[in-house]
2 protein chains.
Amino acid sequence: MSAVRNTKQKQLVLSLLKNSGRPMTAGEIYRLAVQQYPNIAKSTVYRNLENLVSRGEVSQGMHQNGESFYSIADENRHLHYMICKGCKMMIDFPKCPLSNVEREIAKSSGFYVTGHSLQIYGYCKNCRDKAKI
Amino acid sequence: MSAVRNTKQKQLVLSLLKNSGRPMTAGEIYRLAVQQYPNIAKSTVYRNLENLVSRGEVSQGMHQNGESFYSIADENRHLHYMICKGCKMMIDFPKCPLSNVEREIAKSSGFYVTGHSLQIYGYCKNCRDKAKI
DNA sequence: ACTGTTATTGCAACTCATTTTCAATAAGCC
DNA sequence: GGCTTATTGAAAATGAGTTGCAATAACAGT
């Protein structure tokens, strides 16, 4: 009974994500993947990403337009991002103010928290200096 | 020079949102709107929502699948939601832990924060009692 | 109230991320 | 090597949201 198979495509998606030091959308990953493996299908990239997320190896966030982005999960760091509306750069925001809050919620309302989604939007120093804002 | 016109469609969208005590997606609003105004167009609903959001009368959030939801903006309350993965109910979560954090960010990194997106996911008391979790 | 201007609408076609279907392929246990 | 079946590629489908454009209706000026 082999449950999970370790395919070239899966390895490729994971390695692209590991080598890029930043979060990427499925589209970006697909475009890079095609360069190394020309006939990989878009659906394969999506399926592998979904798989990696559900296994906890990759974590998933969302842009303002509803597009998902993916990054290697790091069990030691719970990470959010500040996203610059000028240059779209995503800056790590490791200080999550929610862990305490979640405990309070559970206690007071009986709501069992499984996770949360947090993104901070604005303009990075660079874009502000360039007079964009 | 009349800049903004007060159309029946706009009034309808706003009143549906006011009467429903909860956030709704554009699709939900459209389905309700059609009942009262059978040939209102989907695009009209979207355009009015966009308009109301940019004027600050309505605030916008996002579900895990990328779909937007809308609710009447209340200038006195900065609001987030806890979203139950069982019954999809959205529960107000008025205590936002970010205002202080945002100030710190600006000071330490030069990032100018314009806003943030925060949702908390889990299971409400009701769904937990029904042994769903 | 009547008229002209133009913001807004309805409709249909479009975009674009993501999902699904299904036959063909290839991991990996024997 | 052969067999089973998880996974793939390709193409079509889905669904939220957007856009182009001619028709409509708000509303300011008269």
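Predicted, not measured: the structure shown is a model, and the values here were computed from it. Starting afresh in each chain, residues are numbered from 1 along the sequence in its written order. Starting at A for chains and at 1 for ligands, labels are handed out in the order in which the entities are written. Local features are withheld for residues below a pLDDT of 70 in this predicted model, meaning they are given only at 70 or higher, and side-chain atom pairs are given and counted only at 80 or more; totals for whole chains, interfaces and linings count all residues. Values reported for side chains reflect all heavy atoms of the structure, with hydrogen atoms and water molecules removed beforehand.

**Points about the interface of chain A and chain B**
Link 1 in the chain: Taken together, the contacts link 36 residues of chain A with 35 residues of chain B.
Link 2 in the chain: Interface area for chain A against chain B, summed over the two sides, is near 2700 Å², with a carbon-plus-sulfur share of 68%.
Link 3 in the chain: Salt bridge, as applied in this entry: a Lys or Arg side-chain nitrogen positioned within 4 Å of an Asp or Glu carboxyl oxygen. At the boundary of chain A with chain B, the tally comes to two salt bridges.
Link 4 in the chain: With its nearest N and O atoms 3.0 Å apart, the salt bridge here joins Lys95(B) to Glu104(A).
Link 5 in the chain: Distance and chemistry together define a polar contact, namely a pair of N or O atoms within 3.5 Å, with one atom able to donate a hydrogen and the other to accept it when in protein, and with adjacent residues in sequence counting only for side-chain atoms on both sides. Inspection of the chain A/chain B interface yields 14 residue pairs in polar contact (both at pLDDT 80 or more).
Link 6 in the chain: Only DSSP runs of H or I reaching four residues or more are called helices, and only runs of E reaching two or more are called strands; each is numbered from the N terminus. At the level of secondary structure, the elements contributing two or more residues to the side of chain A that touches chain B comprise β4 (80–84), β5 (90–93), α4 (99–109), β6 (112–123) and α5 (125–129) of chain A.
Link 7 in the chain: Element by element, the count of residues in the side of chain A that touches chain B is highest for β6(A), at twelve residues. Should any heavy atoms of two residues lie within 4.5 Å, those residues are counted as being in contact. Two parts placed together each lose some accessible area; with a 1.4 Å probe, that loss summed over both constitutes the buried area.

**Concerning the relation of the copies chain A and chain B**
Link 1 in the chain: With an RMSD of 0.2 Å, the operation that places chain A on chain B is a rotation of 179° combined with a shift of 0.0 Å along the axis. In symmetry terms, the pair is related by a two-fold rotation axis.
Link 2 in the chain: In this assembly the copies share their binding face: 97% of the residues contributing to the interface of chain A also contribute to that of chain B. Residues below a pLDDT of 70 in either copy are left out; the C-alpha atoms of the rest, at least 70 in both, set the least-squares superposition of the copies.

**Some remarks on the sheet that holds strand β3 (residues 68–72) of chain A**
Residues and elements named next belong to chain A.
Link 1 in the chain: Within the open sheet, the three strands sit side by side as β1-β3-β2. Their pairing is antiparallel. Each end of this open sheet is capped by a strand with a single partner; those strands are β1 (24–25) and β2 (58–62).
Link 2 in the chain: One ladder, built from five bridges, connects β2 with β3; its direction is antiparallel. Counterpart to Gln60 in the pairing with β3 is Tyr70.
Link 3 in the chain: Orientation is described by lines fitted to C-alpha atoms, with helices fitted over the stretch in contact, and by angles between N-to-C directions that extend from 0 to 180 degrees. Set on the sheet, helix α1 (residues 8–19) makes contact with β1, β2 and β3; between it and β3 the angle comes to about 80°. Pairing between strands requires that DSSP locate at least two bridges from one strand to the other.

**Observations concerning helix α2 (residues 26–36) of chain B**
Residue and element names in this part refer to chain B.
Link 1 in the chain: Those residues of α2 lying buried are Ala26, Gly27, Ile29 and Ala33. Along α2, the residues classed as buried sweep out an arc of 155° about the axis, all on the same side. Pointing more than 90 degrees away from the buried face of α2 are the exposed residues Arg31 and Gln35.
Link 2 in the chain: The elements touched by buried residues of α2 are α1 (8–19), β1 (24–25), α3 (42–54) and β3 (68–72). Under the scheme applied here, a residue whose accessible area is under 20% of the maximum for its type counts as buried, over 50% as exposed, and between as partly exposed, the area being computed with a 1.4 Å probe on protein chains only. The reported arc concerns the directions from the helix axis to the C-beta atoms and nothing else.

**Section: the pairing of β5(A)**
Residues and elements named next belong to chain A.
Link 1 in the chain: Here β4 runs beside β5; their pairing, made up of four bridges, is antiparallel. Residue pairing in the sheet places Tyr81 in a bridge with Asp92 of β5.
Link 2 in the chain: The turn linking β4 back onto β5 is made up of five residues, and Lys88 within it adopts a positive phi angle of 70°.

**Comments concerning the environment of Asp129(A)**
Residue and element names in this part refer to chain A.
Link 1 in the chain: Inspection of the secondary structure puts Asp129 in helix α5.
Link 2 in the chain: Taking the relative accessible area as the measure of exposure, Asp129 reaches 55% and is therefore exposed.
Link 3 in the chain: With 109 residues separating them in the primary sequence, Asp129 and Ser20 have C-alpha atoms 27 Å apart.

Everything listed here is a matter of geometry and, on its own, says nothing about what the molecule does.
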